[in-house]
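Okay, here's what each chain looks like letter by letter:
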Amino acid sequence: KKEKTEEDKPPFDKQALLVNMADNVILPAYSDFKTSLDSLVLTYNTFKTSEQQSDFQIVKQKFHVACMRYQRISLFEFGPAENVIVRMNFNVFPTDTTQIKNNIAAGTYSLDAASNLDAKGLPALDYLFYGYMKTETDIVASFTTSVNRKQYVTDVLNDMSSKLNLIINDWNTSYKNTFINSLSTDVGSSIGFLVNQLNYELDYLKNSKVGIPLGKKSLGIPLPEKCEAFYGAQSLDYAYETLRIIEDVYTGKSTTGFDDYLIHLEAPYNGGLLNDAIIAQFNVAKAKLKAVPNPLSAQVTSNAAVVDAAYIELVKLLVLLKTDMPSSLGVIITYQDGDGD
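Residues numbered from 1 in each chain as written. Predicted model: local features only at pLDDT ≥ 70, side-chain atom pairs only at ≥ 80, totals over all residues. Heavy atoms only, no water.

Caption draft 1: The arrangement of the overall build of the protein in detail. Helix and strand counts for the protein come out as 14 helices and two strands. Compactness check: the protein gives a C-alpha radius of gyration of 21 Å against a globular reference of 20 Å for 341 residues, within 12% of the reference. Along the three orthogonal principal directions, the C-alpha set of the protein runs to about 80 × 50 × 30 Å. Split into buried and exposed, the 341 residues of the protein put 53% on the buried side. A fraction of 77% describes how many contacts in the protein between residues 6 or more apart in sequence connect residues 24 or more apart. Approximately 14,700 Å² of the protein is accessible, and the part contributed by carbon and sulfur atoms is 53%. Across the protein, the centroid of the 31 positively charged side chains sits 3 Å from that of the 40 negatively charged ones. (Helix = DSSP H or I, 4+ residues; strand = E, 2+ residues; numbered from the N terminus. Rg over C-alpha atoms; globule rule 2.2 N^0.38 Å. Buried < 20%, exposed > 50% of the residue type's maximum accessible area, 1.4 Å probe, protein only. Contact = heavy atoms within 4.5 Å. Areas by Shrake-Rupley, 256 points an atom, 1.4 Å probe, with all protein chains shown as cover. Lys, Arg positive; Asp, Glu negative; His and termini not counted. Charge placed at Lys NZ, Arg CZ, Asp CG, Glu CD.)

This is the structure we're talking about:
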């Protein structure tokens, strides 16, 4: 009997996929990040007044939670987030420590200036809360003796909060409706955005979070200082969380996702089904990334083979998601990663 084509089948319910993404993946991710950022602001304000080390420890805990939750919104750089340019405003690393020090010394700066993109956001806070080769007592003292330093953190937090509130407001007032009713797969469609951003985020994980520190762009010479969260040394947690949100977007958190779309299309791969290959590769990539001990900055020099093993599996996953999946779905990859892979 002849193979079924897409035309013979009932069409895939793209709207169910988009409604699930909005209600169960995207909006909860924004809401969770907002909760964690608001909580960080409150605890920081307590510390700013009390100057107690015990309060500062709570600030660092809340900061870690906010960084984890940020990883879950980074992927959604379209619509409102693209207008605000979230990635460039929230997570440019490595952070420019000289620029941060100059800003604090001057006491006047515009965080919206292009020159400050790498002197604010989460990486700037990572530096200010942990420092380099500094004890916690040293760090607390650097706040208690500097009104400008205290204020700089407040300004960085306010910059993120106001931008995040704009995005959430936009989604809730009008963009969600636009998003769930965009039912094609062409450039500029919601599915087009999701597939492109899912791949951009995976490229970013492979290159910026793992490959560059490992030395993939520097002739094999590791660059530990290029790790995300270099000062707090939690880059592996954030890398793993990035991979988890990519998987959640792919599976629709076990409700309607791209996995269902590929199953519906019976998309083939090497004599089997493409979805089976993708799910298997997610599992391998997660296991290899989980196998790298913290901190990544130490592993890229002392344990490079283990980091490289994770990198290799991320590359394989990227090929499936960036080449095989889009061609099955009829989605064009439009972003430039400048990586040549």
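Caption draft 2: Here's a closer look at the environment of Leu117. Locating Leu117 in the fold gives a position in the loop between helix 5 (97-106) and helix 6 (121-130). Residues Leu117 and Asn89, 28 residues apart in the sequence, show an inter-C-alpha distance of 5.8 Å. Leaving out residues up to four positions away in the same chain, Leu117 has contacts with Met88, Asn89 and Val92.

Caption draft 3: Molecular detail of helix 5. For helix 5, every residue scored as buried is listed here: Thr97, Gln99, Ile100, Asn103 and Ile104. Each buried residue of helix 5 sits inside an arc of 160° when the element is viewed along its axis, so together they form one side. When the buried face of helix 5 is taken as reference, the exposed residues oriented beyond 90 degrees from it are Ala105 and Ala106. Elements in contact with the buried residues of helix 5: helix 6 and helix 8 (147-180). Near the N-terminus of helix 5, the side chain that reaches the backbone nitrogen of Thr98, with its oxygen 3.2 Å away, is that of Asp96. (Arc of directions from axis to C-beta. Polar contact = N/O pair within 3.5 Å; in protein donor to acceptor, adjacent residues only side chain to side chain.)

Caption draft 4: Summary view of the nonpolar core. Of all hydrophobic cores here, the largest spans 99 residues; its most connected members are Phe76, Phe129, Phe179, Leu194 and Phe258. Among the elements that take part in this core, helix 1 (residues 14-50) stands out by supplying 15 residues, more than any other. In this view, Phe129 contacts Leu40, Tyr44, Phe56, Val59, Lys60, Phe63, Ile139, Phe143 and Val153; residues no more than four positions away in its chain are not counted. (Core = buried A, V, L, I, M, F, W, Y, C linked by side-chain atoms within 4.5 Å.)

Caption draft 5: Inspection of the packing of helix 5 against helix 6 at higher detail. At a minimum axis separation of 11 Å, helix 5 and helix 6 run at an interaxial angle of 75°. For the element pair helix 5 / helix 6, the angle class is roughly perpendicular. Contact with helix 5, carried on its side by Thr97, Ile100, Lys101 and Ile104, involves Ala124, Tyr127 and Leu128 of helix 6 and no other residues of that element. Counted by class, the contact of helix 5 with helix 6 contains five nonpolar, one polar and one charged residues. (Axes fitted to C-alpha atoms, helices over the stretch in contact; angles between N-to-C directions. Parallel < 35°, antiparallel > 145°, perpendicular 65-115°, else oblique. Nonpolar A, V, L, I, M, F, W, Y, C, P; charged D, E, K, R; others polar.)

Caption draft 6: Highlighting the packing of aromatic side chains. This structure, assessed with the given rule, holds 30 aromatic pairs. Relative to Phe193, the ring of Phe78 lies with its centre 5.5 Å away and its plane at 5°, an arrangement referred to as stacked. In this pair, Phe78 is assigned in the loop between helix 2 (53-71) and helix 3 (80-84) and Phe193 in helix 9 (residues 190-214), connecting sequence segments 115 residues apart. Here the aromatic rings of Tyr175 and Phe179 are separated by 6.2 Å at their centres, their planes lie at 40°, and the arrangement is tilted. Of this pair, Tyr175 and Phe179 are both found in helix 8, four residues apart, which corresponds to roughly one turn of the helix. For Tyr175, a relative accessible area of 13% puts it in the buried group. According to the relative accessible area criterion, Phe179 is buried, its value standing at 0%. (Phe/Tyr/Trp six-rings, centres within 6.5 Å; stacked < 30°, edge-to-face > 60°.)

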